[in-house]
Amino acid sequence: MVSMAIILLSLAVNIMYDELTEIDIKKMKEELEYRITKVRPEILEEVKLTRSFGDLSENAEYHAAKRERGKNESRIRYLRNMIKTAVIIDTESDSGKVGLFDTITYYIEEDDCEEQVRIVTSLRRDPFQKIISKESPLGSALMGKSVGDRVCVKIDDSYSYYVVIRKIEKGEDDDSLEIRKF
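Please read all numbers here as calculations on a predicted model, not as lab measurements.

Chemist: Now, about the state of the cysteines: what can you tell me, with residues and values included?
Modeler: Taken as a whole and judged by the stated rule, the model has zero disulfides. C113 takes part in no disulfide bond, and the closest cysteine sulfur to it belongs to C152, at a distance of 17 Å. Given a relative accessible area of 35%, C152 falls into the partly exposed group.

Here you go:
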């Protein structure tokens, strides 16, 4: 029989912490403060107001206000947990190597085309804007590589492709990139 201590220890070992920057943490703290001091009181007022509309079983406004309260409280818990468990990382990288916040131009061999992405922390990714996480298949394959390197990007066990790094534009962590909302 497996003891409870061994189970808890194995769970603790498997906990993954998000690697975030000081600015990521700052942005999360600002949002947390805003949600607690501004959004929460407004939503509580809305819940009180809509409750006074009458029969709660047919009161759509009341149920919508309660859903908003639940979403806000969920986001507050998420932000608190992220701040508490995050590992702060350094954003400095060697001048000739791909690092965080750099913009990389790369050539995709199988498509015979060039693409460009910026590599960021998972909290600020936006694939639609070609801003990818360092944990993504492409981001993790590019990190630490140099111009001219041919890199295998492994998507899963059945598919991978090769890219060649053509250009690295060094970037820095700044307030311009928003954190993901939900």
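Once the structure has been displayed, the description carries forward.
Chemist: Can you lay out the packing of helix α2 (residues 22–51) against helix α3 (residues 60–85) for me, pointing to particular residues and giving the numbers?
Modeler: Interaxial distance between α2 and α3 falls to 9 Å at its minimum, and their mutual angle equals 160°. Viewed along their axes, α2 and α3 adopt a mutual orientation that is roughly antiparallel. Relative to α3, the crossing made by α2 is left-handed.

Chemist: Quick one: what's the story with the sheet that holds strand β3 (residues 103–108), residue by residue and with numbers?
Modeler: As summarised here, the arrangement of the five strands in space is β5-β4-β3-β7-β6, forming an open sheet in which the pairing is mixed. Since the sheet does not close on itself, it has two edges, and those belong to β5 (131–133) and β6 (150–156), each with one partner. Between one strand axis and the next, the sheet turns through 45° on average, direction left out of account. For β3 and strand β4 (residues 113–120), the ladder comprises six bridges, and the chain directions are antiparallel. Looking at β4, one finds that I104 is bridged to V117.

Chemist: Report on the confidence of the model for the protein, specifying residues and quantitative values.
Modeler: In the predicted model, the protein carries a mean pLDDT of 88, and 90% of its residues have values of at least 70. Every residue in residues 1–15 is under pLDDT 50, and counting partners more than four places away or in other chains gives one contact.

Chemist: Hey, could you go over α2 for me, with residue numbers and the actual values?
Modeler: Each α-helix turn comprises 3.6 residues. Residues three or four places apart therefore point the same way. An ideal rise of 1.5 Å per residue puts 44 Å on 30 residues; α2 measures up with 42 Å between its terminal C-alpha atoms. The sharpest bend along α2 reaches about 40° and sits at R35. Listed in full, the buried residues belonging to α2 are I23, D24, I25, K27, M28, E31, L32, R35, V39, I43, V47 and T50. Residues of α2 that are buried sit in contact with β1 (19–20), α3 and β2 (87–88).

Chemist: Explain the pattern of salt bridges to me, and be specific about the residues and the numbers.
Modeler: Summed over all chains, the structure comprises 19 salt bridges. Between K134 and E135 there is a salt bridge whose closest N-O contact spans 3.2 Å. Through salt bridges with shared partners, a single ionic network connects E19, K134 and E135.

About the cut-offs
- Residues numbered from 1 in each chain as written.
- Predicted model: local features only at pLDDT ≥ 70, side-chain atom pairs only at ≥ 80, totals over all residues.
- Heavy atoms only, no water.
- Disulfide = S-S within 2.5 Å.
- Buried < 20%, exposed > 50% of the residue type's maximum accessible area, 1.4 Å probe, protein only.
- Axes fitted to C-alpha atoms, helices over the stretch in contact; angles between N-to-C directions.
- Helix = DSSP H or I, 4+ residues; strand = E, 2+ residues; numbered from the N terminus.
- Parallel < 35°, antiparallel > 145°, perpendicular 65-115°, else oblique.
- Left-handed = near helix turned anticlockwise from the far one by under 90°.
- Pairing = 2+ DSSP bridges.
- pLDDT = per-residue confidence, 0-100.
- Contact = heavy atoms within 4.5 Å.
- Expected span 1.5 Å × (residues − 1).
- Bend = angle between axes of the 7 residues up to and from the residue.
- Salt bridge = Lys/Arg side-chain N within 4 Å of Asp/Glu carboxyl O.

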